[in-house]
Amino acid sequence: EGMLLQVDGSRHDWLEGRGPYLSLVGAIDDATGLVPSACFREQEDAQGYFTVMRQVVQRHGIPHALYSDQHSIFMIGKATPTLEEQLSGQRRPTQFGRLLDELGVRLILARSPQAKGRVERLWGTFQDRLTSELRLAGAASQTDAEHVLARYLQRHNRRFTVPAADAEPAWMPWPATLRLAELFCFKYQRVVANDNTVRFGTHLLDIPPNRARNSYARARVEVHERFDGTLCVYYRGECLARLELTEPPSAYRTGNSGQAPAEPRYHDPPACRPTLGRQPPPPSHPWKRSYK
């Protein structure tokens, strides 16, 4: 148990017309059939998988590997690699891929739905049993569905979980030096302006002077966008500034669409990045002439 988790999302009329269409995002242990976490989302988005992984880590521990499909939440599309990616020899990870790298979890991508048959069969069971539970409870909203799901998962695991071939669990413990809030968030690279501020979308974060430095101008920092609506600026692991938004975003997709910040994200395709607007020099330019 804990060696491999299969993760997926199921788009279905879970409320049978009493409410909106919802996507159920969840994980299942490949060795025992245990469902350690699941949640309802309006769409299958990155925040749903972040929520599932955070609940798994808090309740059980860190798994060794994750098995998923080739959704854009997990992998970059077939866009042309940037110059930085070509020089480094590897593609920039998605936000969820970056989380798995920091946790030390290996991501395995399935090439067909049949390859992750365990989680696909789980959705068939849920669409039968969980839909009936939601109907009996009269759930008509996402909040109602979450309450029913929490009660149902306990009964489901007691009935369908089987002993693993190896009785010793493989969950890795959470390191005491790490904080959940600093990992389970979206992270973006920024450069501090000359006035000691960092711009993130329409927000401007002021970095006050501290004992280490009076100014962070031109320093490369990391902006953490947390799901509670908080923006934090980090420099070499130290939090320099914090801003609490009055209206936190309600949905987080893969990061390639929606509320995009002013500067490119970890995994923005090159087409989304602003061009420099430079024109090539004319043929009469000295650089175009022969050295002879």
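That block above? That's the structure.
Residues numbered from 1 in each chain as written. Predicted model: local features only at pLDDT ≥ 70, side-chain atom pairs only at ≥ 80, totals over all residues. Heavy atoms only, no water.

(A) A look at the sheet that holds strand E6 (residues 186–191). Within the open sheet, the four strands sit side by side as E6-E9-E10-E11. Their pairing is antiparallel. Each end of this open sheet is capped by a strand with a single partner; those strands are E6 and strand E11 (238–244). With strand direction ignored, the average angle separating the axes of adjacent strands in the sheet is 25°. Where strand E10 (residues 230–235) lies against E11, six bridges are found, and the strand directions are antiparallel. Each residue of the ladder has a partner; that of Leu-231, found in E11, is Leu-243. (Pairing = 2+ DSSP bridges. Helix = DSSP H or I, 4+ residues; strand = E, 2+ residues; numbered from the N terminus. Axes fitted to C-alpha atoms, helices over the stretch in contact; angles between N-to-C directions.)

(B) Focus on the pairing of strand E4 (residues 65–68). A two-sided burial pattern is seen for E4, the buried positions comprising Ala-65 and Tyr-67 on one face and Leu-66 and Ser-68 on the other. Judged from the three bridges that link them, strand E1 (residues 4–12) and E4 form a sheet pairing that is parallel. Residue pairing for E4: Leu-4 is matched across the bridge by Ala-65. Pairing of E4 with strand E5 (residues 106–109), which is carried by four bridges, proceeds in the parallel orientation. From the neighbouring strand, Tyr-67 faces E5, where its bridge partner is Ile-108. (Buried < 20%, exposed > 50% of the residue type's maximum accessible area, 1.4 Å probe, protein only.)

(C) Examining the packing of helix H1 (residues 46–59) against helix H3 (residues 95–103) more closely. Two numbers describe how H1 lies on H3: the axes approach to 10 Å, and their chain directions differ by 20°. When the interaxial angle is binned, H1 and H3 end up roughly parallel. Remark: the crossing between H1 and H3 carries right-handed chirality. Here Tyr-49, Phe-50 and Met-53 of H1 come into contact with H3, specifically with Gln-95, Phe-96, Arg-98, Leu-99, Leu-100 and Leu-103. For the contact of H1 with H3, a count of residues per class yields seven nonpolar, one polar and one charged. (Parallel < 35°, antiparallel > 145°, perpendicular 65-115°, else oblique. Left-handed = near helix turned anticlockwise from the far one by under 90°. Contact = heavy atoms within 4.5 Å. Nonpolar A, V, L, I, M, F, W, Y, C, P; charged D, E, K, R; others polar.)

(D) Examining the pattern of salt bridges more closely. What the rule picks out here adds up to 10 salt bridges. Note that Lys-187 and Glu-102 form a salt bridge whose closest N and O atoms lie 3.1 Å from each other. Note that Lys-187 is positioned in strand E6 and Glu-102 in helix H3, a separation of 85 residues in sequence. Judged by its relative accessible area of 33%, Glu-102 falls in the partly exposed class. With its nearest N and O atoms 2.5 Å apart, the salt bridge here joins Glu-120 to Lys-116. In this structure Glu-120 comes out as partly exposed when scored by relative accessible area, which is 31%. Relative accessible area serves as the criterion here: at 4%, Lys-116 is assigned to the buried category. Salt bridges here are not isolated pairs; linked through shared partners, they connect Asp-8, Lys-116 and Glu-120. (Salt bridge = Lys/Arg side-chain N within 4 Å of Asp/Glu carboxyl O.)

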